[in-house]
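As a plain string of letters, each chain reads:
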Amino acid sequence: MVEGPDAEHRRPEGLDDVTVQALGKLSEALETVERVRGHLYAMHQLTGTADFMLDEAVSLFMQAGHTEMADRIQRELIGRNVIPGHWTFQIVEAYDDGYYAEFRDVERDARNQLAQGRRHLYEAELKERRRTHGRPGHEALPGYSG
C-alpha cells in the first residue's frame, strides 16, 4: 500500500516550510501568467475573427447602397493596428519572448536550486493533509485504490 505523494512530489530533505510555501506561491503566480497568456491568444484570435467579419459587413453595406460607411470601415478598421505599430500577433510574440519566458525561467531555476527541480510540493502536501485516507476517491496516487 502506497501512502503519501510519490518521490517526485516529496520535499527534499532539509527543505523548510517557508521555502515550500514560497515555491508554491511562485508556481501559483506562474499559473496566473499562463492564464494571462491564454487570454492574449484569445484576444489575438478574436480580433482576427472580428477583422475578417468586417469584410462581410463591408460587402453588406455596399449591397445596401451605403458605400460611404463601407469605405470608412475598409479604410479605418480593416487591418488596423490594435495598438500603435502592433497587430495582435506581435503583442503575443513580445509577451511570449519577454515577460513569459523570463517568468518561466525564474520559476524553473527556483525549483532546480531549492527543491531538486520538484514541482508542486506545496500542492502535494496540501493534498495529503486534505484527503481522507482510505476513502475511495481520495487515493494518494493515480492507480492506487486502497
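Remember, it's a predicted structure, so these values are computed and weren't measured experimentally.

Parameters at a glance
Residues numbered from 1 in each chain as written. Predicted model: local features only at pLDDT ≥ 70, side-chain atom pairs only at ≥ 80, totals over all residues. Heavy atoms only, no water. Core = buried A, V, L, I, M, F, W, Y, C linked by side-chain atoms within 4.5 Å. Buried < 20%, exposed > 50% of the residue type's maximum accessible area, 1.4 Å probe, protein only. Helix = DSSP H or I, 4+ residues; strand = E, 2+ residues; numbered from the N terminus. Contact = heavy atoms within 4.5 Å. Polar contact = N/O pair within 3.5 Å; in protein donor to acceptor, adjacent residues only side chain to side chain. Expected span 1.5 Å × (residues − 1). Bend = angle between axes of the 7 residues up to and from the residue. Axes fitted to C-alpha atoms, helices over the stretch in contact; angles between N-to-C directions. Parallel < 35°, antiparallel > 145°, perpendicular 65-115°, else oblique. Nonpolar A, V, L, I, M, F, W, Y, C, P; charged D, E, K, R; others polar. Phe/Tyr/Trp six-rings, centres within 6.5 Å; stacked < 30°, edge-to-face > 60°.

Engineer: I tried to follow the nonpolar core on my own but got confused; where do I start?
Structural biologist: Nonpolar side chains tend toward joint burial in soluble globular proteins. Grouped together as the largest cluster of nonpolar side chains are eight residues: Leu30, Val33, Leu40, Ile91, Val92, Tyr95, Tyr100 and Phe103. The set of elements that each furnish at least two residues to this core consists of α1 (17-63) and α3 (88-115). When residues in this core are grouped by element, the largest group, five residues, is from α3. Here Val92 is in contact with Leu40, Tyr41 and His44, once residues within four sequence places are set aside. Membership of the second largest hydrophobic core comes to six residues, among which are Val20, Leu23, Ala115 and Leu121.

Engineer: Looking at this structure, I do not really get the side chain of Arg131. What am I missing?
Structural biologist: Following the sequence through the fold, Arg131 ends up in the segment after α4 (121-130). With a relative accessible area of 7%, Arg131 lands in the buried category. A distance of 3.2 Å separates polar atoms of two side chains, one belonging to Arg131 and the other to His133. At 2.8 Å, the side chain of Arg131 and the backbone oxygen of His138 are in polar contact.

Engineer: How should I be thinking about α3 in this particular structure?
Structural biologist: Two residues of an α-helix separated by three or four positions point the same way, owing to the 3.6 residues in each turn. Between its terminal C-alpha atoms α3 stretches 37 Å, which fits the 40 Å expected from 28 residues at 1.5 Å a residue. Bending of α3 peaks at approximately 35° at the position of Asp96. For α3, the complete set of buried residues consists of Thr88, Ile91, Val92, Tyr95, Asp96, Tyr100, Phe103, Glu107, Ala110, Arg111 and Ala115. The inward-facing, buried residues of α3 contact α1 and α4. At the exit of α3 stands Gln116, carrying a positive phi of roughly 55°.

Engineer: Teacher, can you tell me more about the packing of α1 against α4 here?
Structural biologist: Angle between the axes and distance between the axes are the two parameters that describe a pair of packed helices. With their axes 7 Å apart at the nearest point, α1 and α4 run at an angle of 110° to one another. By the angle between their axes, α1 is roughly perpendicular relative to α4. The residues of α4 that touch α1, namely those facing Val20, Gln21, Gly24, Ser27 and Glu31, are Leu121, Tyr122, Glu123 and Glu125. A breakdown of the residues in the contact of α1 with α4 according to their chemical character gives three nonpolar, three polar and three charged.

Engineer: Looking at this structure, I do not really get the packing of aromatic side chains. What am I missing?
Structural biologist: In this description, an aromatic ring pair is defined by two values, namely the gap between the centres and the angle between the planes. Within the structure shown, the criterion is met by four aromatic pairs. For the ring pair Trp87 and Phe89, a centre distance of 6.5 Å and an interplane angle of 85° mean the geometry is edge-to-face. Given the relative accessible area of 36%, Phe89 is considered partly exposed. Judged by centre distance (5.7 Å) and plane angle (65°), the rings of Tyr99 and Phe103 are edge-to-face.

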